Structure formats: structure tokens, C-alpha cells
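Structural description and commentary
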Amino acid sequence: MTVDDSAGAGGQAADKSGQGVVTAFGQSMKTLRVRAGLEREEFGRRLGYSASTVASFEQGRRIPSPRTIDQADEVLGAGGLLTVWKEQVERAQFPVFFQGMAKLEKECIELLMYDTHVVNGLLQTKEYMKALLAMRRPTLEEETIDQRVTARLARQDIFARRPAPLLSFVMDEAVLRHRYGGEDVLRGQLEHLLLIGRNRNIEIQVMPLDCEDNAGVNGPFTVVTRRDSKKFVYSEAHATSTLETDPEQTVLAAARYGIIRSQALTPRESLEFIEGLLASL
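On a predicted model such as this, the values are computed, not experimentally measured, just so you know.

This next bit is on helix α3 (residues 51–58). In terms of burial, α3 is largely enclosed, as six of its eight residues are buried. Taken together, the buried positions of α3 are T53, V54, A55, S56, F57 and E58. Of the residues flanking the end of α3, it is G60, one or two places downstream, whose phi is positive at about 75 degrees.

Shown next as C-alpha cells:
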């Protein structure tokens, strides 16, 4: 079975629905703040934010983190009236086509990722994220970019999860050579890959340009294994994504990934290769 998420007419409606959730949450927060007799400045001080940031939360222009929602609920004595929004608000911070995958990342015990265009979002630095999002056409508003950067960084909590999931990344060499955002951004990104690649549950491999065989010529994809052992295959193009759930297709995708991994440089060779690229900058 294949589930398609689109940012076409239906996707736009879903995006508007997500914005509606954020707006409704903000209105609820404002109502509770006013009822508690707190000005934005005082409320923001207790949360660790400026009054202008509180205004952005209340007007639905900025999405608060789950931790911020917990803090706000406690400060306002809301008794859970704000925390019940957490899951919906968290989901709304992602583009509609990625929301299903974001949920699976939280439930996975293994992720197998093959990338051909950009560094995988779980491995990106904040500067690299901003550079990519700034290049989108049509252009994104600054607040949208900030929200997506925050959401993408939050996904990287997966590296601190215990028990740690098994994470395997294979990326084409070209991904590591694109100077998106400039040389300094690329340097920081390569340094980050070297740092994160030393984790025992993480394998980073490079598919060299001179490799004569590549089972991944059909493009990037991710194989997710959930805690209940069910597998999914996720792929996206432009603003559309596909989440494959058919057992035969998911098993074949996992097998294809195994072949790709065997054709790429080993994790040790890959880190040495990245060190070489970094030294050449």
C-alpha cells in the first residue's frame, strides 16, 4: 500500500489546517495569560522569552516547542489546557508532506537513508539548513524559515534517544561538494559529519563519483523500521512525498539499500574521505 502526501490542493488545505491549529493554540494561550493577569513582558520573562516572541506565539506566527508549552501551562496554572495541544502543534511545524515521516522518526528503531542532492536533514547544521531554505522558490517567509529550522533541529533529538536507534546514512559524493551557503557553511557541515559519525550507532558512508555500480540510481529514499518491526519506505520529490507500506516493497527497498551500502566507501573510508574534502577547503 502506498500513501501519498501532496502539497497540491489537498496539501494546501492541510497546511492551512495546521496553521489553524497554531493560531487556535495562540489564542488559548493569550486568553489564559490575560485571565492570569500577566502582561506579555512578565509572562515572557518567566518563560525566558521577550514580549515580542510571546506576541508571535499568541498570533500564530511562531510555533512554541513542547517544552515551552509545558512551561506556559505551568506558569499560567492552566491545568493541562495548553499541554493537550502539544502533539497537534508539534505536527503543524512540519510541511504537510513530511508529517507522517516525522512521526515515524520518533517511533523507529532503525533508519536507513540514501541521499543524492543535499545532506540528510538529521545531519544538517543550522547554517546549512538556513542556506537550503533560503534558496527555495517560491521564496519562504523568514518566520517560516525559522520555524522549519527549529523543527529540523528538534528532529535531531533522535541522536540522544535511549535506547539509541540504528542510523545508517549513505550520500553521494556530490552532496558533500555542493557549496550551498558558501565555503564556511560547507566547512561547518563537514566538521559536523565527522563529529557525529563517531557515534557507535551511526554509520555515514559516501558513494564516490567514480563508482561504476550504484543500486541507488532511482533516487533518494529512506527505510524506516518501527518498534513493532513494521517497515516503511519514504521518498519525496518537490513538495510531494510517498510512504510505502506494502511488505514486499519495503523488504525489497531494504535489500536495495544493503546493496548501496556495499557499493559505497566503508564508514572508516568515508570519514577519511570527508576529512580530505575538509582539508581541501
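Let's shift gears to the pairing of strand β6 (residues 231–237). Direction of pairing for strand β5 (residues 221–226) relative to β6: antiparallel, over a ladder of four bridges. Bridging across to β6, V223 finds its partner in V233. Between the end of β5 and the start of β6, which pair antiparallel, lie four residues, with S229 showing a positive phi angle near 75 degrees. With five bridges joining them, β6 and strand β7 (residues 240–244) adopt antiparallel strand pairing. Following the sheet pairing, S235 is matched in β7 by T242.

Attention now goes to the side chain of S168. Residue position: S168 is located in strand β3 (residues 166–172). A polar contact of 2.7 Å, which involves the side chain of S168, links it to the side chain of Y257. Here S168 is in contact with L111, L112, M113, E203, Y257 and R261, once residues within four sequence places are set aside.

For the rest of this paragraph, the subject is the packing of aromatic side chains. The relation between two aromatic rings is expressed through the spacing of the ring centres and the mutual angle of the planes. The full count for this structure, using the stated rule, is seven aromatic pairs. Ring centres of F25 and W85 lie 6.3 Å apart, and the angle between their planes is 70 degrees; this geometry places the pair in the edge-to-face category. With F25 in helix α1 (residues 9–35) and W85 in the loop between α4 (66–75) and α5 (86–92), the pair connects residues that are 60 residues apart, well separated along the chain. Note on accessibility: F25 and W85 belong to one class, buried.

A few words on the packing of helix α10 (residues 183–196) against helix α12 (residues 267–280). Between two packed helices, the angle of one axis relative to the other and the distance separating the axes together describe the packing. Axis separation between α10 and α12 bottoms out at 10 Å; the angle between their running directions is 155 degrees. It follows from the interaxial angle that α10 and α12 lie roughly antiparallel. Relative to α12, the crossing made by α10 is left-handed. For the pair formed by α10 and α12, the contact residues are R187, L190, E191, L193 and L194 on the first element and L271, I274, E275, L277 and L278 on the second.

Our focus in this paragraph is the nonpolar core. Within the largest apolar cluster, 39 residues are counted, with the highest numbers of intra-cluster contacts made by L111, L123, L193, I204 and I274. At six residues, the largest contribution of residues to this core is made by α10. Apart from the residues lying within four places of it in its own chain, the contact partners of L193 are V119, L123, M171, L176, I204, L271 and I274. Formed by 19 residues, the second largest nonpolar core is a distinct cluster that contains M29, L32, V54 and V89.

Attention now moves to unusual backbone geometry. A cis geometry characterises the amide bond from R137 onward to P138, with omega recorded as 0 degrees. With respect to the helices and strands, P138 occurs in the loop between α7 (126–134) and α8 (142–155). Here R162 and P163 are connected by a cis peptide whose omega angle stands at 0 degrees. Along the chain, the position of P163 falls in the loop between α8 and β3. Even without being glycine, S229 reaches a positive phi, approximately 75 degrees. Structurally, the position occupied by S229 is in the loop between β5 and β6.

What counts and what doesn't
- Residues numbered from 1 in each chain as written.
- Predicted model: local features only at pLDDT ≥ 70, side-chain atom pairs only at ≥ 80, totals over all residues.
- Heavy atoms only, no water.
- Buried < 20%, exposed > 50% of the residue type's maximum accessible area, 1.4 Å probe, protein only.
- Helix = DSSP H or I, 4+ residues; strand = E, 2+ residues; numbered from the N terminus.
- Pairing = 2+ DSSP bridges.
- Polar contact = N/O pair within 3.5 Å; in protein donor to acceptor, adjacent residues only side chain to side chain.
- Contact = heavy atoms within 4.5 Å.
- Phe/Tyr/Trp six-rings, centres within 6.5 Å; stacked < 30°, edge-to-face > 60°.
- Axes fitted to C-alpha atoms, helices over the stretch in contact; angles between N-to-C directions.
- Parallel < 35°, antiparallel > 145°, perpendicular 65-115°, else oblique.
- Left-handed = near helix turned anticlockwise from the far one by under 90°.
- Core = buried A, V, L, I, M, F, W, Y, C linked by side-chain atoms within 4.5 Å.

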